[in-house]
Every structure is written in structure tokens, then in C-alpha cells.
Amino acid sequence: MNKPSLFFALAAALTLPIDLIAQPPSLIIHVNHVTARVSPTLYGLMTEEINHSYDGGLYAELVQDRAVGTGFGALLHWAMVARGQSVANVSVDETTGPSAALPRSIKVAVAAATPAAPAGVENDGYWGIAVRPHTVYSGSFYAKTDSPGIPVTISLENDSTGAVAAQTTVTGLTGEWKQYAYTLRTGDLPVTAGNHLILTIPRPATVWFNLISLFPPTYHGRVHGSRGSQRQAVADGGSDRIDIMDLLAAMRPKFLRFPGGNYLEGNSIAQRFNWKKTIGPWVDRPTHMSPWGYRSSDGMGLLEFLEWCQNLDMQPVLAVYAGYSLDREHIDPGPALEPYVESALEEIQYVTGSTATRWGAERAKDGHPAPFPLHYVEIGNEDQFDRSGSYDGRFAQFYHAIKSAYPDLQIIATAPVKSVTPDVYDQHFYMSAEESFAMAHHYDDYSRSGPKIFVGEWATREGDPTPNLEAALGDAAWMTGLERNSDLIIMASYAPLFTNVNPGASQWAPDLIGYNALTSYGSPSYWAQVMFSNHLGREVVAADLAHAGPRVFTSVTRDAVHHKLFIKVVNANSIPLPLSIDLDGAAAAARSAALTTLSAKTPNATNSITHPRAVVPVTRTVAVAGRRFTVTFTPYSINVLDLNY
Ligand code: AHR
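Residues numbered from 1 in each chain as written. Predicted model: local features only at pLDDT ≥ 70, side-chain atom pairs only at ≥ 80, totals over all residues. Heavy atoms only, no water.

Tell me about the overall build of the protein chain, and please be specific about residues and values.
A count of helical and extended segments in the protein chain gives 12 helices and 32 strands. On C-alpha atoms alone, the protein chain measures out to a radius of gyration of 27 Å, which is about the 26 Å that the 2.2 N^0.38 rule sets for 645 residues. The buried share among the 645 residues of the protein chain stands at 61%. Summarising the internal contacts of the protein chain: among those between residues at least 6 apart in sequence, 76% fall at separations of at least 24. When the accessible area of the protein chain is evaluated, it comes to approximately 23,400 Å², of which 54% is carbon and sulfur surface. Here the protein chain carries 46 positive and 60 negative side-chain charges, and the mean point of each set is 4 Å from the other. (Helix = DSSP H or I, 4+ residues; strand = E, 2+ residues; numbered from the N terminus. Rg over C-alpha atoms; globule rule 2.2 N^0.38 Å. Buried < 20%, exposed > 50% of the residue type's maximum accessible area, 1.4 Å probe, protein only. Contact = heavy atoms within 4.5 Å. Areas by Shrake-Rupley, 256 points an atom, 1.4 Å probe, with all protein chains shown as cover. Lys, Arg positive; Asp, Glu negative; His and termini not counted. Charge placed at Lys NZ, Arg CZ, Asp CG, Glu CD.)

Written out as C-alpha cells, the structure is:
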């Protein structure tokens, strides 16, 4: 954060009211001069599997590495359990698994065990498993045994006390792979995060396991992306964590850009987000290595993304793999690219097709007969990094194929192309606070004759693991520019959205929302977005800011139907800003307004998992003396004045 200008510092030091020694800072709002229509889809979300965004984050699965698939490494999260004198060995068996997609398994060979001293295997969850009182947990696993009839006892146990929070026993195992469902119910107990899941047997036998799953209650209790027996297994739950979905719902996002980001591209073509391997029963999802250094369970597959959109009333912005991966592997345009184009067309059909279509029918089989709305398809991600120059041709091939099958779809390019004009360009900005302040006017004079702009990734990068107030000030300054220019900027989404805050869980900082196994919180940047998207009119009106000095940013929108003005003022300076506001052209103004402010004594102030609400918006009523009035905005503050006129 730079120091305020000498002028303001002097005024503050002398405790002179600024308006006695200079022209007072003023904002003249030309209430009836509309400069742009606000894009109804301006604020949305961008997401991918990074920082344990889904596995260990939004996707509520409690068991880490639930599936042992091809390419699965060591058993990092599965450990042998041998109580008392029991003897057991836990290993990966390469020779047997429940499906072609999951051809391996966890082999639990118990040489000695009794009901009082059972043996088996345990999972430590995602940096713990949260347990709450009076809660029903829904689980399932695949298993076979060399001792038909062997019972498997499943418990949730506290890491430090060993206290059993819930327990049940599953019977009927045979020599064939089969799925078993179970339920764990907790009673009256304290909320704890440090628990693990244990599966034991009471006598010598060998049991092979795979896809051991456990879900808490989930958002809206929807059933996500599962069919057949899997649907049964999770019948009382969906897949999204309630607390994180509540945070997202408060942002009122209008769209979701998915599945990446780098996660779409993969480190190699083989590791791309191959949507066909993310649909259907979990047992048919092989899992895959993500570019962010850990394996994705693919529990959050294509249908789960779409149902996430449905749950929050967001429209999907579907990014399709476009023949380029991060290791600079690419597919040349032409016949070699055709299978990828075909796959994208099939993916669009899976999203939008009726049940009479091949992939619409597949979606219905997966549990969702109704098609999803789709207006935007993005071709690749950050293809400016493809130095081979193939993007122009790759984009054109996708563009023509998609437009000819779906003429109404808007096609988004991720890098400049010449041979065809995209409908929209996706631009990304990762900035320091100073850069965000400097970029707040980036789009003011931007050409309006080209494609529309989607700011598909942006962030002010100050703070770790989540952004601090300084970052939020930069974000808010930047967002005033997005709003003022929202005739051009049709969509904008911060990135990355999520981080699990446990050591080793994250690959990128800062991230908008942080969480551990138990709780979650919004950063100051999160709250800035909540404020901006919850106070957005339908039209931008002209506003002249004068004598305010540096690091003051504004945008004004109106909702003429409801006679409302939303005046946003960012004061990124260390001194108060007494701003004289003139509602030019307003017939009348209310006598009071609601002022919502996000601020703190220092720009380093932040929220954290232990202090989740240190910096949150506060709303108060301020008196408004007619069409001309003065409001003093506190140092380091982001403000929205909500006013009837
Ligand atoms: O947001 C993190 C990464 O930044 C995204 O995966 C990528 O698109 C960008 O480079």
C-alpha cells in the first residue's frame, strides 16, 4: 500500500478539514445519464480442482483417496489397524478390482483377530473428518472376501481419544465384488474435526476393498451424478458441502466457468479433463491426475458441475478441451483434431440434448433427464501459451463445428485469433494491489467494436492463504472498472475460488474462500464481491469524481424501476474521505440511505480459519440532506451507498 499523497497527509497531520484548504472531494452523479447497460451476468464463479477445491473442499466426500484406480500411487491415506494381539497387513492388490475403471484394490489380510481385538484399515480423511452431533452419514464401499459371511464393522473414531462417534456393521460379503451401503448416526457428542474412519473384521480373513465412501448431509440433499446402486448409496445426500455452498449463494453468482483453468488442459493430453470418464457410477470413473499435483476422484464430474449450477441458479460456462495441454503438447488442426471436436459436440449434447439424443439419454440414465441451459462454450484455456501457433486453426475448427450444430451458442476464445471472429474473448489478470488500482480504468477507453470481454480469471494477489483487506481494496477498485464498462465486460470471475487451508493442501495463494474439515470463511475479497454483486443496478450512470486524490474509485449504477441508486466508493487511502455527493437530475432523494462498509484499521487485516469474521461488512443508516449531501468514508474502506431517489 503506497502512502497517501503529501497533500492529504498534511491535511490530516494539521487536523484541518480538507475542504477548508482545498476544493472538497466531490462526486456528481448524473442520475438520468445512462452510459451503459449492466450485464445481467456480470458476476460469476470460476472453478477447477486446485488447492483441494472439490476433493477436500466443496465435494463433501469425507474419505480421501476413496478409489484405488489405475496409476494410483502409495496408500497415503489408508493405514493398517490391528487392535490388541491382532495381526494384519494392508497393501494395494494390482490383480483385482470392482470394475475395468478401478482394476486394483486395497487388500486387507488379517492373520489374527477377535471381536474384542479386530483388525482392518483406516482413513484419515481430508486433514481430519468432521463429526457433528445427531447427524446421519451415508456411506458405501465395494468389497469381496475369501471368507464369505465375514462382517465388516465401520466406525468413526476420534483421533486423540479413540472415542467411537458412530458405528455399524455390514454383513453378506461374498467372493464377488459387490457394493454395500451403510449409515452412521451420531448421538449427543461435541463437534470435532479430528476423526478417522475405520473398517475392521473380527476374525482372520482377507477382504479386498475399493471406493470406500462416506458423506455427511449435503446442500439441498440432492443426489448428484450417480446412477444405479450408487444412487441408492447416497440417496439421502447430494455432493456439495453445505457451509461452502451457503458462502457461494451469498455471492449471488450468475454463472460458473468450469472445469478450468489448467485442470481442463491437464499436464499432458492423457491427463486432460476427459468428461466421459467423469460421468456415470463412481465405479466407472477411473480418477485422474490433476496438474496441481494430486489425483482427482472425479466425484465432481460433468453432471455434478451442472447440478452445482442448478443448485445456485447459475448458468454454466462450459470450457471444452481444445487440443492443448500444459506440457506444450498440442493437436494440429485438421483430421487429428476431429475426435476432440466430436467429443466437445457430444459434451454439449450431454448438457443440452433431449432424452431422444444419444448423450441426452446418457444424462437421463445418470439421473438428470432435464437438459441444462447453455449459452456459452469456451474453447480451451489460456491458449496464448501454445507457442506452436496452432490455436487459430484449432479455435476455427471448434467454432465452425459448434456453430453449425448449435448456432445460438456464444463461443469464447482464450487467446487472439484471426481466421474467425469469436463472440467473446476471455482475458485473465493476476495483479498486485498497486496494479489493480492502476488497472481500474483499463476498460474505460477500450474499443467497443470487437468481441465482448469475459474476464474469466482475475485477482489482486495480496495475502496468504486468502486475500487481506489490501487485496480487497485492489479488487474493489478493479470491480468499479468492470461495472462502469459492463456493456463490454459481460462476465467476470475471480480465481482461484477455493483453498483448503491445511499445510500442504494448497498450490496457489491467495484464494477467495478458505476452509478446513470443519468450517469455512470468506476473505475480505470475498466480502467485497458479496457487496458488489448484491448492490448492482441495471444501468451505469455517468458520475464525475473530482478532487478526491489518488486511490479513490467509484462506480454508480441505478435500478430505474425501483428508483434505486447504488453508489460504490473505494477509499484505499489511510485518511477519511469526506465526499460531497450531488445527485444531478434527481427529482428528489430519500432522507436516509443504507451505507455498507468493509474496512479495518490496517490494510493487512484479514480473516482466517481461526478468526473468520475479523473483516466483514457493516451496514448503517446515514442521513441524506436532499440531492446534495456529504458522506465521510473511513480509511481503507470499500463502501456501497444504497439510496432511493
Ligand atoms: O487460477 C489458477 C491458474 O491460473 C489457472 O488454472 C490458469 O488458467 C491460470 O494460469
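Continuing now.
Give a description of the environment of Leu75 that names residues and reports values.
As for its position among the elements, Leu75 is in the loop between β2 (43-46) and β3 (78-82). When the C-alpha atoms of Leu75 and Ser447 are compared, they prove to be 55 Å apart, with 372 residues separating the residues in sequence. Aside from chain neighbours lying at most four places away, what touches Leu75 is Val90, Ser91, Val92 and Ile106.

An account of the pairing of strand β17 (residues 376-379) is requested, with residue identities and associated values reported.
Here β17 shows two buried faces, one formed by Tyr376 and Glu378 and the other by Val377 and Ile379. Pairing analysis gives 4 bridges linking strand β16 (residues 315-320) to β17, with the strands arranged parallel. Bridging across to β17, Val317 finds its partner in Tyr376. (Pairing = 2+ DSSP bridges.)

Please provide a residue-by-residue account of the nonpolar core, values included.
Formed by 115 residues in total, the largest nonpolar core has its most connected members in Leu248, Trp308, Ile379, Phe398, Val455 and Ile638. For this core, the element with the highest residue contribution is helix α11 (residues 469-484), accounting for 8 residues. Ignoring anything within four residues of it in the chain, the contact list for Leu248 reads Leu45, Pro253, Trp308, Leu312, Leu497, Phe498 and Ile513. Counting residues in each nonpolar core, the second largest holds 37 residues, with Trp78, Ile129, Val152 and Ile154 among its members. (Core = buried A, V, L, I, M, F, W, Y, C linked by side-chain atoms within 4.5 Å.)

Would you mind going over the side chain of Asp383 in detail, with residue names and values included?
Counting through the fold element by element, Asp383 comes out in the loop between β17 and α9 (391-405). Here the side chain of Asp383 touches Thr414 through a polar contact of 2.8 Å, side chain to side chain. Setting aside anything within four residues of it in sequence, one finds Asp383 in contact with Tyr324, Tyr391, Arg394, Thr414 and Ala415. (Polar contact = N/O pair within 3.5 Å; in protein donor to acceptor, adjacent residues only side chain to side chain.)

Go over the sheet that holds strand β23 (residues 513-515) with me, naming the residues and quoting the values.
Read across the sheet, 3 strands follow the order β22-β23-β24 without closing on themselves; strand pairing throughout is mixed. Edge strands, defined here as strands with exactly one partner in the open sheet, are β22 (498-500) and β24 (520-522). Between one strand axis and the next, the sheet turns through 20° on average, direction left out of account. (Axes fitted to C-alpha atoms, helices over the stretch in contact; angles between N-to-C directions.)

Quick rundown of the pattern of salt bridges? Include the residues and the values.
Scanning the model with the defined rule gives 21 salt bridges in all. With its nearest N and O atoms 2.4 Å apart, the salt bridge here joins Lys276 to Glu346. You can see Lys276 sitting in the loop between α5 (262-265) and β14 (288-289) and its partner Glu346 sitting in helix α7 (residues 338-352), a full 70 residues away along the chain. A relative accessible area of 33% means that Lys276 is categorised as partly exposed. Of the charged contacts in the structure, one is a salt bridge between Arg448 and Asp487, with a shortest N-O distance of 2.9 Å. Within this pair, whereas Arg448 is found in the loop between α10 (433-438) and β20 (452-460), its partner Asp487 is found in the loop between α11 and β21 (489-494), the two being separated by 39 residues in sequence. You can call Asp487 partly exposed: its relative accessible area is 24%. A network of salt bridges, in which partner residues are shared, links Arg257, Glu378, Asp426 and Glu457. (Salt bridge = Lys/Arg side-chain N within 4 Å of Asp/Glu carboxyl O.)

A description of the site of the ligand should follow, citing residues and the corresponding values.
The immediate surroundings of the ligand are formed by Glu48, Gly261, Asn262, Trp292, Asn381, Glu382, Tyr430, Glu457, Pro496 and Trp508. In this structure, Asn381 approaches the ligand through a side-chain N or O atom, which is 3.0 Å from an oxygen atom. A distance of 2.7 Å is found between an oxygen atom of the ligand and a side-chain nitrogen or oxygen belonging to Glu382. For the ligand, whose unbound accessible area comes to 280 Å², protein coverage reaches 93%. Considering only residue class, the shell around the ligand consists of 4 nonpolar, 3 polar and 3 charged. (Near = heavy atom within 4 Å. Nonpolar A, V, L, I, M, F, W, Y, C, P; charged D, E, K, R; others polar.)

Report on the confidence of the model for the protein chain, specifying residues and quantitative values.
Residues of the protein chain with pLDDT of at least 70 account for 93%, and the chain-wide mean is 93. Note that residues 1-20 has pLDDT below 50 and, in this model, 30 contacts with residues that lie over four places away or in other chains. Confidence drops under pLDDT 50 across residues 222-237; counting only partners more than four residues distant or on other chains, this segment forms 51 contacts. (pLDDT = per-residue confidence, 0-100.)

Can you lay out helix α4 (residues 242-250) for me, pointing to particular residues and giving the numbers?
Turning to α4, its buried residues number three or more, namely Ile244, Met245, Leu247 and Leu248. One side of α4 carries all its buried residues, which in axial view fall inside an arc of 155°. Buried-residue contacts for α4 involve β2, α6 (302-312), β22, β23, β24 and α12 (524-534). Just past α4, the residue Arg252 takes up positive phi, approximately 45°. (Arc of directions from axis to C-beta.)

So, the packing of aromatic side chains: which residues are in play, and what are the values?
Pairs of aromatic rings are described using the distance from one ring centre to the other and the angle between the two planes. The tally for this structure, following the rule as stated, stands at 28 aromatic pairs. A centroid spacing of 6.2 Å and a plane angle of 85° characterise the contact between Phe429 and Tyr443, whose relative ring orientation is edge-to-face. Remark: Tyr443 occurs in the loop between α10 and β20 and Phe429 occurs in strand β19 (residues 424-431); sequence separation between them is 14 residues. Taken as a pair, Phe429 and Tyr443 share a single burial class, namely buried. (Phe/Tyr/Trp six-rings, centres within 6.5 Å; stacked < 30°, edge-to-face > 60°.)

With reference to specific residues and values, describe the packing of α4 against α6.
Two elements in contact, α4 and α6, have axes separated by 10 Å at closest approach and are oriented at 55°. One way to sum up the angle between α4 and α6 is to call them oblique. Of the two possible hands of crossing, α4 and α6 adopt the one that is right-handed. Each of Met245, Leu248 and Ala249 in α4 lies in contact with α6, whose residues at this interface are Trp308, Asn311 and Leu312. (Parallel < 35°, antiparallel > 145°, perpendicular 65-115°, else oblique. Left-handed = near helix turned anticlockwise from the far one by under 90°.)

Could you give an account of the sheet that holds strand β28 (residues 577-584), with specific residues and numbers?
If you walk across this open sheet you meet the 9 strands as β30-β29-β32-β27-β26-β25-β1-β28-β31, and the pairing is mixed. In the strand order of this sheet, the two ends are held by β30 (618-623) and β31 (628-633), each with one partner. Within the sheet, the average angular offset between the axes of one strand and its neighbour, ignoring direction, is 30°. Sheet analysis places strand β26 (residues 552-559) next to strand β27 (residues 564-571), joined by 8 bridges and oriented antiparallel. From the neighbouring strand, Phe553 faces β27, where its bridge partner is Val570.

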